[in-house]
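Tertiary structure, described
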Amino acid sequence: MSISIAALDLNLLLVLHTVLTERSVVRAAERLHVTPSAISNSLARLRSVLGDPLVTRKGRGIVPTPRALALAPAIARGLRELESGLHEAPFEPARCTRTFTLAVADAGQVTWGPRIAARMAEEMPNARLSVVGIASLVALGDLTSSQVDLHIGLAGRGAGLHVEPLLDERTVLVAREDHPALAKRLSPRALSALRHVGVEMVPGKGFRDLVGAAYARAGIRREVAMTVPSFLTAAAMVAATDLVATLPESLVAAQGSRLGVRGVNAQIPAHTVKLALCWHDRTHADPAARCFRELVRRAVLEA
């Protein structure tokens, strides 16, 4: 006889398991905190579905049928596995084998990435890290998707989004190492004569818009001659041309000499980007994701 589990009340299997374990309807009722009549009604429903008496009375106890004895091991095993799955064992970072996906701009990948990797190797050696850029975050459906666990960047908005302020990232105007602009301190008028490389990681949602707003507030014209999708690309363009670019100060401090760029001495409007850790409700209470967030936070602040 073929039985569809979709048509079966799984609570009835728990009743049968308890009756077979206790060998008594009364003791089974006490264990499940129901009345003996409720146990009898459940057994009657299960008999109807399975087409078998399942148990017969013998004095004050019961005797299982061959069908019930055949079902007993499978039911007991299934209940044990279900109970084990529902039990949340204490999270152990060193034993975690999850893959965590972090979305961060390329500047952060270069400046903070090595420290995050070192922390992962030390505290979560069996876990894996997948780092994606901001454009990938947007392409994957932002933090509401199941593919990105954490984002370091500008604080986002949206239902179910959690934001934790992380740090204020200053910016610096850079030029190639032998650029004439490096010879003296530049006035606002001299700044207006420079041509810039703008960084636009996601079309229409550029970092350059924030920089441009700061220049506009100071009354300085900012001509963007070229846009690129990353800070490292902007540095490469600046190193090979007379263009300038506004880059995160941490990137310039860590990689400026290798990239062939230097900070320009100029009366530039103060520009600070407030960065945050952002994650979604779906991972907020998860112990592994919480451990990963704390690891990243400490790694970034230490770096």
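Residues numbered from 1 in each chain as written. Predicted model: local features only at pLDDT ≥ 70, side-chain atom pairs only at ≥ 80, totals over all residues. Heavy atoms only, no water.

The name an unreviewed UniProt entry gives the protein is HTH-type transcriptional activator nahR, with Corallococcus coralloides as the organism. Comment text from UniProt for the protein, heading Sequence similarities (unreviewed entry), reads "Belongs to the LysR transcriptional regulatory family." (UniProt positions renumbered as here; feature names shortened; annotations may be inferred.)

With respect to the overall build of the protein
Across its full length, the protein carries 13 helices and 11 strands. On C-alpha atoms alone, the protein measures out to a radius of gyration of 32 Å, which is more than a quarter above the 19 Å that the 2.2 N^0.38 rule sets for 303 residues. Counting only C-alpha atoms and orienting by the principal axes, one finds that the protein spans roughly 105 × 35 × 30 Å. Buried residues in the protein amount to 42% of all 303 residues. Excluding contacts between residues fewer than 6 apart, the proportion of contacts in the protein whose partners are at least 24 apart in sequence is 77%. For the protein, the accessible area works out to roughly 16300 Å², and carbon and sulfur atoms hold 54% of it. (Helix = DSSP H or I, 4+ residues; strand = E, 2+ residues; numbered from the N terminus. Rg over C-alpha atoms; globule rule 2.2 N^0.38 Å. Buried < 20%, exposed > 50% of the residue type's maximum accessible area, 1.4 Å probe, protein only. Contact = heavy atoms within 4.5 Å. Areas by Shrake-Rupley, 256 points an atom, 1.4 Å probe, with all protein chains shown as cover.)

Here we look at the environment of Val261
Considering the arrangement of structural elements, one finds Val261 in strand S10 (residues 261-263). In this structure Val261 comes out as buried when scored by relative accessible area, which is 2%. Between the C-alpha atom of Val261 and that of Leu173, which follows or precedes it by 88 residues, the distance is 9.7 Å. In this structure Val261 touches Val174, Ala175, Glu177, Ala235, Val238, Ala239 and Gly256, once residues within four positions along its chain are discounted.

Concerning helix H1 (residues 11-22)
Since the α-helix packs 3.6 residues into each turn, any two residues three or four apart lie on the same face. The first and last C-alpha atoms of H1 sit 17 Å apart over 12 residues, in line with the 16 Å expected at 1.5 Å per residue. Taken residue by residue, H1 has Leu12, Leu13, Val15, Leu16, Thr18, Val19 and Leu20 as its buried positions. On its buried face, H1 sits against helix H2 (25-32), helix H3 (36-50), strand S1 (55-58), strand S2 (61-64) and helix H4 (66-86). (Expected span 1.5 Å × (residues − 1).)

Considering the nonpolar core
Of all hydrophobic cores here, the largest spans 23 residues; its most connected members are Phe100, Ile116, Met120, Met124, Ile152 and Val296. Mapped by element, the contributors of at least two residues to this core are strand S3 (99-104), helix H6 (113-123), strand S5 (150-154), strand S11 (272-280) and helix H13 (287-302). Considering every element that reaches this core, the biggest residue donor is H13, with seven residues. When residues no more than four places from it in sequence are discounted, the contact partners of Met120 are Phe100, Pro125, Ala127, Arg128, Leu129, Phe292 and Leu295. In terms of nonpolar packing, the next biggest core, distinct from the first, is built from 21 residues, Ala105, Met201, Ala234 and Leu247 among them. (Core = buried A, V, L, I, M, F, W, Y, C linked by side-chain atoms within 4.5 Å.)

Structural notes on the packing of H1 against H2
Between H1 and H2, the shortest axis-to-axis distance is 8 Å and the interhelical angle comes to 125°. Here H2 runs oblique to H1, going by the angle between their axes. Crossing of H1 over H2 shows right-handed handedness. Contacts between H1 and H2 pair Leu14, Val15, Thr18, Val19, Thr21 and Glu22 from the former with Arg27, Ala28, Arg31 and Leu32 from the latter. A breakdown of the residues in the contact of H1 with H2 according to their chemical character gives five nonpolar, two polar and three charged. (Axes fitted to C-alpha atoms, helices over the stretch in contact; angles between N-to-C directions. Parallel < 35°, antiparallel > 145°, perpendicular 65-115°, else oblique. Left-handed = near helix turned anticlockwise from the far one by under 90°. Nonpolar A, V, L, I, M, F, W, Y, C, P; charged D, E, K, R; others polar.)

Remarks on the pattern of salt bridges
For the structure shown, the criterion picks out 18 salt bridges. The closest approach of N and O atoms between Asp168 and Lys274, which form a salt bridge, is 3.3 Å. Linking Asp168 in strand S6 (residues 161-176) with Lys274 in strand S11, this pair joins segments that are 106 residues apart in sequence. Residue classification places Asp168 among the partly exposed residues on the basis of a relative accessible area of 48%. The exposure class of Lys274 is exposed, given its relative accessible area of 59%. A single salt-bridge network, built from bridges that share partners, covers Arg115, Arg119, Glu123, Glu164, Glu294, Arg297, Arg298 and Glu302. (Salt bridge = Lys/Arg side-chain N within 4 Å of Asp/Glu carboxyl O.)

Digging into unusual backbone geometry
Here the phi dihedral of Arg23 falls at roughly 55°; this positive angle occurs in a residue that is not glycine. Among the secondary structure elements, Arg23 is positioned in the loop between H1 and H2. Of note, His33 is a non-glycine position whose phi angle comes to about 60°, a positive value. In this fold, His33 is placed in the loop between H2 and H3. Of the residues examined, His33 reaches a relative accessible area of 73% and is grouped as exposed.

Side note on the UniProt feature "domain: HTH lysR-type" (unreviewed entry) in the protein
As recorded in UniProt, the sites labelled "domain: HTH lysR-type" (unreviewed entry) are residues 8-65. Note that residues 8-65 is 60% helix and 14% strand, and that its end C-alpha atoms are spaced 20 Å apart.

Regarding the environment of His280
Within the secondary structure layout, His280 lies in strand S11. On the accessibility criterion, His280 (15% relative accessible area) is buried. When the C-alpha atoms of His280 and Val63 are compared, they prove to be 54 Å apart, with 217 residues separating the residues in sequence.

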